[in-house]
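These are the residues of each chain, in order.
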Amino acid sequence: MSKRSANTAVTELPPLPSSATTREGVIFDPREDHWPLRGIAGVDAMKFSEFKDATATFVVRLKWTMLTHLQNKSYSHVFNLFNTFKFFYRTVPRAPNSVYEQVDLAAVLTFRGALSTAQEWRLGVIRILFVDMDRLGFGIATREVIEYLESSTIRGNIKGTSVRTRDPEKGAFVDTELLAIQSSLNNAYATGEIDLYAFAIAWLFLAYGPRPIQIAAMKEQDLIVTNTVDGPLYALRVPRAKQQGEKVRSSFNTRYCSKQVGNLLERVIETNKTRRAELRLEGKNWPMFMADREGPLPEMPFHMISTTVGRVVNNVVGRIAGLKTNAKRFRITLAQRAVDDGKDKHTVAELLDHSDTQNVEVYYEASPAMVLRLDHHLAMELAPLAQAFAGVVVASEVDARRGDDRSSRIFDRSLADNINDALGTCGQMSFCGLAAPYACYTCRHFQPWIDGPHEEFMAALIADRDRQEAEGYSAKIYTIRDRTILAVAEVIQLCVAEADLRAGAAA
C-alpha cells in the first residue's frame, strides 16, 4: 500500500448522510465506525475501526462503497466484499507507524502470492471491489492495480467437489439416509422432542431444498388453498430471495404442494393465529414462521432470520437423525435425485431456482450412485449404524401394549406359518393405513416378539429384492424396502441379545 499523510482531507468527497436504509429496510447511521446490520439474512456488523492504519479518506471511500451496495445489493454479496477486503488488509504487511490511503500494485502482488490455489478466488472478489470502487468514483487502488486486475486470469472458487464425488458427509443424501431423516422427524415430533415449527421447516427442506432465507421470507399468504369436491389442493409460493437487484419478496416460484405438507402448514398458520391472539397482534401479511420479536424490518415484522432457520437444519435435524445436515445438502439432494431420474438441465435449474443452467452442469458430471448389494451379512453389519428400528422388543405377547387384543397381532402372510406365528404386536390404538408388516419395523408403535419369525421375514425381503434386481427393475424400486431390511436386522440382534441376557440370568 502507498504511504500518505495522516492528515489527508476528505473534503473532496460528499459527506456521509446521518441516516441510510439498506435494500431490506434496515436503518443505520453510516457516519459511525460500527454498522450493526440486522436483516432477514441474519445479524452481522461492519467495523471500520479495524482499518486504524488507513487515512480518513480511505475509510470514507470504503464506507461510501459499502453504503451504495447495501442500498442495491444483497447482504451476502456486500458482506463478502467487506470481509474479503478485511482479509486483504490483514494479509498485506504494513510498515510500522505508517498510514495508508492507496492500494498499489506491490500490495496486490504480495496478497496474490500469499494465497493458495484454493484461495485464489479471494483475489477475484478484491478485483470486483476495486473495480466497483473505481467506477463509483471512490477508488482506493492505483490505475496500475485496476489494469493489472482487469487483465489477470484468476481462478474462481472451486465448486461442486462434494457433488461430483458424492461425498458421504457433504454431498447428496442417499435414499436410506432420507428415509432415516423422515422417520426420525416423525418420531421426534410424535414424542414432543421437536416442536411444530422445527417439524414443518424440516419438511420444507425435504420437499423443496430451499435456501434458509427463502423460508425466513415466507408468509402465511404464500400457501394457496383451493377447495374442491375431492378435498383441498395446495400450492406454495416460494420467495426467490436471491435474484440480483430485487428485494427478498420481489418475485416467487409457485410450487406444487402435497397434501401432507399443505396440512402441516395449515397447522402452523392456526398456531400462529393463536399466538397472535395471545400477543394481541392485529393486521395481515404475517410470516409463516414467527420470531419472538418484531425485528428491524418494517415490511417484514416478526420474520425469523435465515440463520435461525439454518440452525433447525444444522442442529435439530442433524441431532435427531444422527447425520451431518445443512441446507446445502438438501439442495444438492433435490438436484441430484432429479438428474438421476432423467430430468433435463432446465428442469433442474428451475427446481433450484437458478436463472440459467450454468450451475447445474456439475450434477450431470457426478459419478453414478452406487447401490449396495444388500445381503443378510451386510444387513447385520449396517443395522447398528442405520438405527432404523423405532419400536420396542418385548418378551412375548403378554408384555406388549394391547397384548390382550388378538387383532393387534402383526403377521407376514407370505411366510409358511402365517396364522399362528406372529411377528409382534401393534401398540397403536387408532387406524393405520400403512402396509403391514413392511412399515411396522420402522414404526415406533411396533413391539416385535423375541421368538417371532424375524429371520424368515428378512430372508423373504432380501429374496424379493434380489428378484427385482435380477429382473432389471430400477434401483429406485428394489431399494424401497432397504430401510425395513435394516430395521428387521436390528430387531434380530436385539432379540438375540435379550435372549442371551435371559439365559445368563437363569443360569
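Above this note sits the structure.
The structure contained in this document is the topic of the report that follows. Per chain, residues are indexed from 1 in the order of the written sequence. In view of the model being predicted, local features appear only for residues whose pLDDT reaches at least 70, and side-chain atom pairs are presented and counted only at 80 or more, with totals across whole chains, interfaces and linings using the full set of residues. Based on all heavy atoms of the structure, the side-chain values leave hydrogens and waters out of the count.

What to know about the overall build of the chain
The way it works is that DSSP assigns letters per residue, a run of H or I at least four long becomes a helix, a run of E at least two long becomes a strand, and they are numbered from the N terminus. Counting its secondary structure elements, the chain contains 18 helices and 12 strands. Expressed as lengths along the three principal axes of its C-alpha atoms, the size of the chain is roughly 95 × 55 × 50 Å. Contact definition: two residues touch when any of their heavy atoms are within 4.5 Å. Sequence-distant contacts, at least 24 apart, represent 66% of the contacts inside the chain between residues at least 6 apart. In the form shown here, the chain has an accessible surface area of approximately 25,700 Å², with 52% of it arising from carbon and sulfur atoms. If the 61 positive side-chain charges of the chain are averaged to one point and the 61 negative ones to another, these points end up 7 Å apart. In this description, accessible areas are obtained by the Shrake-Rupley approach with a 1.4 Å probe, and a residue is regarded as covered only by the protein chains that are shown. His residues and chain termini do not enter the charge count, which takes Lys and Arg as positive and Asp and Glu as negative. The location of each charge is read from NZ of Lys, CZ of Arg, CG of Asp or CD of Glu.

Brief notes about the nonpolar core
Counting residues in hydrophobic clusters, the biggest one holds 100 residues, and the most contacted among them are M66, F85, F130 and F289. Considering each element in turn, this core owes the most residues, 11 residues, to helix 8 (residues 196–208). When near neighbours in sequence (up to four residues on either side) are disregarded, F85 contacts F51, F58, L62, I126, L129, F130 and I140. M380, F389, I450 and I485 belong to the second-largest nonpolar core, a separate cluster that totals 25 residues. Take the buried Ala, Val, Leu, Ile, Met, Phe, Trp, Tyr and Cys residues and link them wherever side-chain atoms come within 4.5 Å; each set so joined is a nonpolar core. Burial status follows relative accessibility: with a 1.4 Å probe on protein chains alone, a residue under 20% of its type maximum counts as buried, one over 50% as exposed, and anything between as partly exposed.

Observations concerning a nonpolar patch on the surface
On the surface, Y473, I477 and I480 cluster together into a nonpolar patch covering about 280 Å² of accessible area. By the element assignment, I480 lies in the loop between helix 17 (475–478) and helix 18 (482–506). Since its relative accessible area comes to 53%, I480 is described here as exposed. The patches described consist of residues with a relative accessible area above 30% and no salt bridge, like charges being joined within 9 Å and nonpolar side chains (Val, Leu, Ile, Met, Phe, Trp, Tyr) within 5 Å. We define a salt bridge as a side-chain nitrogen of Lys or Arg found within 4 Å of a carboxyl oxygen belonging to Asp or Glu.

Brief notes about the sheet that holds strand 10 (residues 409–410)
Read across the sheet, 3 strands follow the order 10-11-12 without closing on themselves; strand pairing throughout is antiparallel. Each edge of the open sheet carries a strand with a single partner, namely strand 10 and strand 12 (446–448). Between any two strands, at least two bridges found by DSSP are needed for them to pair. One ladder, built from 2 bridges, connects strand 10 with strand 11 (residues 424–426); its direction is antiparallel. Bridge pairing in strand 11 places R409 opposite T425.

Comments concerning the packing of helix 8 against helix 11 (residues 306–321)
Between N-to-C directions, angles cover 0 to 180 degrees, with each direction set by a line fitted to C-alpha atoms, over the stretch in contact for helices. It is the contact of helix 8 with helix 11, at a shortest axis distance of 10 Å, that shows an interaxial angle of 95 degrees. For the element pair helix 8 / helix 11, the angle class is roughly perpendicular. Listed contacts from helix 11 to A198, I201, A202 and F205 of helix 8 are V309, V312, V313, V316 and V317. Taken together, the residues of the contact of helix 8 with helix 11 sort by class into 9 nonpolar, no polar and no charged. Every angle not falling under 35 degrees, over 145, or within 65 to 115 is termed oblique; those three ranges are roughly parallel, roughly antiparallel and roughly perpendicular. Any residue outside Ala, Val, Leu, Ile, Met, Phe, Trp, Tyr, Cys, Pro, Asp, Glu, Lys and Arg is labelled polar, Gly included; the first ten of those are nonpolar and the last four are charged.

So, the pattern of salt bridges
Pairing between side chains of opposite charge can happen when the charged atoms of each approach one another. All chains considered together, the criterion is met by 26 salt bridges. The closest approach of N and O atoms between E350 and R255, which form a salt bridge, is 2.8 Å. Placement of E350 in helix 13 (residues 345–351) and of R255 in strand 9 (residues 252–257) is noted, with a sequence separation of 95 residues between them. Residue R255 is classed as buried on the basis of its relative accessible area of 12%. Put simply, E50, K86 and R90 are held in one network by salt bridges that share partners.

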